[in-house]
2 protein chains.
Amino acid sequence: MGSADGTRKGQSIAEIVADRAQVSRAAVSRAFNPKAPLRADKRALVLQIAEELSYVPNMAGRALATQRSHLVGVIVPHVCSPWEGIEIDALTTALQARGFATLLFKTQIDRSLDPKLLSYMRAYNPDSVVVFTENVPPDQLHRAFDQAVPVYVDYPDEATDPGPPPESAMNRFDCLRVLQRDGIEQAVALLSGFGRRRIAYLAGHPKAQANVARLRTLQQVLAARGLPPAAVIEGDFSYQRGYDATLELFRAGPGAEAIFAANDVSAFGALDALRHSLGLRVPDAVSVVGFDDIDQAAWRSYDLTTIKIDVEERVAALVRLILQRLQHRTAPPLTETIRTKLVVRGTVG
Amino acid sequence: MGSADGTRKGQSIAEIVADRAQVSRAAVSRAFNPKAPLRADKRALVLQIAEELSYVPNMAGRALATQRSHLVGVIVPHVCSPWEGIEIDALTTALQARGFATLLFKTQIDRSLDPKLLSYMRAYNPDSVVVFTENVPPDQLHRAFDQAVPVYVDYPDEATDPGPPPESAMNRFDCLRVLQRDGIEQAVALLSGFGRRRIAYLAGHPKAQANVARLRTLQQVLAARGLPPAAVIEGDFSYQRGYDATLELFRAGPGAEAIFAANDVSAFGALDALRHSLGLRVPDAVSVVGFDDIDQAAWRSYDLTTIKIDVEERVAALVRLILQRLQHRTAPPLTETIRTKLVVRGTVG
DNA sequence: TTGTATGCGTTATCAC
DNA sequence: GTGATAACGCATACAA
């Protein structure tokens, strides 16, 4: 039986709210669901009492009842890597505004995916999964998420016209395609305009699709302009490797008129090696181009000319994919496409 | 009735696993709970069949039944801020290894907390909450989480002996205390040893507790050595503000013999202003000390002498607090303490 | 519009 | 050690 203030022992908070508002437990649920039918004044009353008792509907219960966790899983190798940090930042903000929370998972440093990680993540039943890491084995991803839940970030080969994505296991999922050709063409045009012909490509991690696609597109663009192909220096996206590789290139190797780096961070390593260890002036002796346009690229010590991937645009596309998929769970795989462009600063000239 | 392969229509995956293994639904649950009683061979069989069917227990259901979400909420203003990125990175790795997932939330850029954010997060019923942001109003935090769930990161005033934390609303929560005095004393000793007396403090965000504590401790340490107090330059932890503030200090202001920055990123701004705009040599004309020891501090262009907060140690302490609290939910608030130390590089001399 | 009853997937309790 | 059953907190089909 209810006591004087309308509470009983053993009640859940939701039931207390219901009692206090003189409504059923179901009405409390409806009050928090804007599209559920409930008289406006009752809804207001329930929400007010809930506010007083600081009651909020439990997401686990809601997830069980609705099959929607309001969770978006994200897998990254390094949260602290500048580019990934920025993207997680923007993505979390955008998702939070739409009532989703970001569930973060880390892969190993060598970008090899623990096979258990996907099952582990699937236990949380995320509404969507964004796979940043580029070597999540497609079959593993497919086994873990048989529906078209994941969003995959793809850097397609742009040999000719991008066209539709090729048939592959990966292709059963929604996909964000990053076309890198525009920025690379602009960068090559700029380098070419300053008479640079001997270009070295400071590679990223050899298994990274972004790296492979960047290199291939660069070679295509150079060939199309009648320029010699770029010499490839092995790298791994890191500052230290960019630094060391540049020392090797100029001390033991043939050097270069321009360095095209797979990302900004390794470009910084190259810049520091050129200026502080090799005593070469940038851009007078050697030009440098990066990739990403992270904040640090604008810092005075680097002032790096770089190919920009617009984070806001990229995240907006991801969010579109996620929301579309949630609205139409069985629709065929969706594709969003974004492009790149060159940001000109002081390391080419 | 079961069909030939032991499956029926309308069954949940867990029930299919149970049928295939010729056991009850409860046995399947037990198989995934190492401490639950179940014959070893049955457990192995269930796990094998589950593996084949890629079944994993649903966390939402488990959370409902056990009141444990295996979720740890983290609130940060910027994921991409280098220091916070590193910490989230390490924390996620450590938690993941222990069966928890990181649930990420972002505050506004001005570090003001949306009051709804805490309720919003509470809906997910995280087992613990790590509050990085330093201006989460204690009363809000307390209203949202009445149990001692949150872990709060505190930068206490170290006027004399640290002693026990003062009584405050915040004090009802578990707490990680970061004692900054050691590193600051070492930095001041180094600066003093090189004859620097006129020190400027390039501040962080004025509301940030870390910033306030750093400044106060710095002044105490200077006073204890009979050195003049530091001049305070307003800042906000950002590169740009560090850059601009340094220009102002040396162009319109009295300059300084050393700049003590509230974090590494603003120290980079100060360094770039000194070297590239003011034409002052570091460390010959001006010494610079940072705070955090992020990766970039070791890069050649900066080579920053800085006060290190050991991330691994800090995260280990956080994890200890989280696990302790989970084991003894009603125990009195716990406190872990970590210290700082100076990392000597090339910007002081 | 509103309340009642049921199910979501899991674990804990209780008998056996 | 094992299986049936209730309970976790919520949303919704259905009946009113």
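Just above, that's the structure.
These numbers were taken from a predicted model, which means no experiment stands behind them.

Definitions and cut-offs
- Residues numbered from 1 in each chain as written.
- Chains lettered and ligands numbered in written order.
- Predicted model: local features only at pLDDT ≥ 70, side-chain atom pairs only at ≥ 80, totals over all residues.
- Heavy atoms only, no water.
- Helix = DSSP H or I, 4+ residues; strand = E, 2+ residues; numbered from the N terminus.
- Contact = heavy atoms within 4.5 Å.
- Near = heavy atom within 4 Å.
- Polar contact = N/O pair within 3.5 Å; in protein donor to acceptor, adjacent residues only side chain to side chain.
- Nonpolar A, V, L, I, M, F, W, Y, C, P; charged D, E, K, R; others polar.
- Core = buried A, V, L, I, M, F, W, Y, C linked by side-chain atoms within 4.5 Å.
- Buried < 20%, exposed > 50% of the residue type's maximum accessible area, 1.4 Å probe, protein only.
- Least-squares fit on C-alpha atoms with pLDDT ≥ 70 in both.
- Phe/Tyr/Trp six-rings, centres within 6.5 Å; stacked < 30°, edge-to-face > 60°.
- Buried area = accessible area lost by both parts, 1.4 Å probe.
- Salt bridge = Lys/Arg side-chain N within 4 Å of Asp/Glu carboxyl O.
- Pairing = 2+ DSSP bridges.

Undergrad: How would you sum up the environment of Leu118(B)? Please name residues and give values.
TA: All names here are of chain B. Its location among the elements puts Leu118 in helix α6 (residues 115–122). The spatial distance from the C-alpha of Leu118 to the C-alpha of Val129 is 9.8 Å, given a sequence separation of eleven residues. Once residues lying within four places of it in the same chain are set aside, the contact partners of Leu118 are Ile75, Leu113, Val136, Gln140, Leu141, Ala144 and Phe145.

Undergrad: Residue-level account of the protein's contact with DNA strand C, with values.
TA: By nearness alone, 25 residues border DNA strand C, and Arg30(A), Arg39(A), Ser29(B), Asn58(B) and Arg62(B) come closest of all. Here the atoms of DNA strand C within 4 Å of the protein split so that 69% fall in sugar or phosphate, with bases taking the remainder. Backbone polar atom of Arg39(A) to a phosphate oxygen of DNA strand C: 2.6 Å apart, as the coordinates give it. Contact between DNA strand C and Ala65(A): a base oxygen at 3.5 Å from a main-chain N or O atom of the residue. Elements represented by at least two residues in the surface near DNA strand C include exactly α2 (25–31) and α4 (59–66) of chain A together with α2 (25–31) and α4 (59–66) of chain B.

Undergrad: Pulling in residues and values, what's your account of the protein's contact with DNA strand D?
TA: In the neighbourhood of DNA strand D, 27 residues make up the surrounding shell, with Ser29(A), Asn58(A), Arg62(A), Arg30(B) and Arg39(B) lying closest. The protein-proximal atoms of DNA strand D, defined as those within 4 Å of the protein, are 71% sugar or phosphate. Between Tyr55(A) and DNA strand D, the recorded distance is 2.8 Å, taken from a side-chain N or O atom to a phosphate oxygen. A distance of 2.5 Å separates a phosphate oxygen of DNA strand D from a polar side-chain atom of Arg62(A). Elements that contribute at least two residues to the surface near DNA strand D include exactly α2 and α4 of chain A together with α2 and α4 of chain B. Considering every element that reaches the surface near DNA strand D, the biggest residue donor is α4(A), with five residues. Looking at the surface near DNA strand D residue by residue, the classes come out as 14 nonpolar, seven polar and six charged.

Undergrad: Give me the nonpolar core: which residues, what numbers.
TA: Of all hydrophobic cores here, the largest spans 158 residues; its most connected members are Leu91(A), Val130(A), Phe260(A), Phe268(A), Leu91(B), Phe260(B) and Phe268(B). Beyond its immediate stretch of four places on either side in the chain, Phe260(A) contacts Ile184(A), Ala187(A), Ile199(A), Ala200(A), Tyr201(A), Leu202(A), Leu218(A), Val289(A), Phe291(A) and Ile307(A).

Undergrad: Got a sec to walk through the relation of the copies chain A and chain B? Specific residues and values, please.
TA: In screw terms, the move from chain A to chain B is a rotation of 180 degrees and a rise of 0.0 Å along the axis, fitting with an RMSD of 0.1 Å. Here the symmetry operator amounts to a two-fold rotation axis. When you check the interface residues of chain A against chain B, 100% turn up at the interface there too, and the contact is symmetric in its surfaces.

Undergrad: Before we move on, can you summarise the packing of aromatic side chains with the specific residues and values?
TA: A full pass over the atoms with the stated rule returns 21 aromatic pairs over all chains. Relative to Tyr239(B), the ring of Trp299(A) lies with its centre 4.4 Å away and its plane at 5 degrees, an arrangement referred to as stacked. Taken as a pair, Trp299(A) in the loop between β9 (287–292) and β10 (305–309) and Tyr239(B) in helix α10 (residues 239–251) lie in two separate chains rather than in one. Given the relative accessible area of 8%, Trp299(A) is considered buried.

Undergrad: Could you give an account of the interface of chain A and chain B, naming the residues involved and the relevant values?
TA: On the side of chain B, 51 residues touch chain A, which itself brings 51 residues to the contact. Here chain A packs against chain B, burying approximately 4,400 Å² in sum over the two surfaces, 59% of which is carbon and sulfur. Counting across the chain A and chain B interface gives two salt bridges. Taken together, the connections running from chain A to chain B amount to 31 residue pairs in polar contact (both at pLDDT 80 or more). No other element matches helix α5 (residues 82–97) of chain A, which puts seven residues into the side of chain A that touches chain B. Two elements, strand β2 (residues 101–106) of chain A and strand β2 (residues 101–106) of chain B, share three bridges in a ladder whose sense is antiparallel. Opposite Leu104(A), over in β2(B), you have Thr102(B) as the bridge partner.

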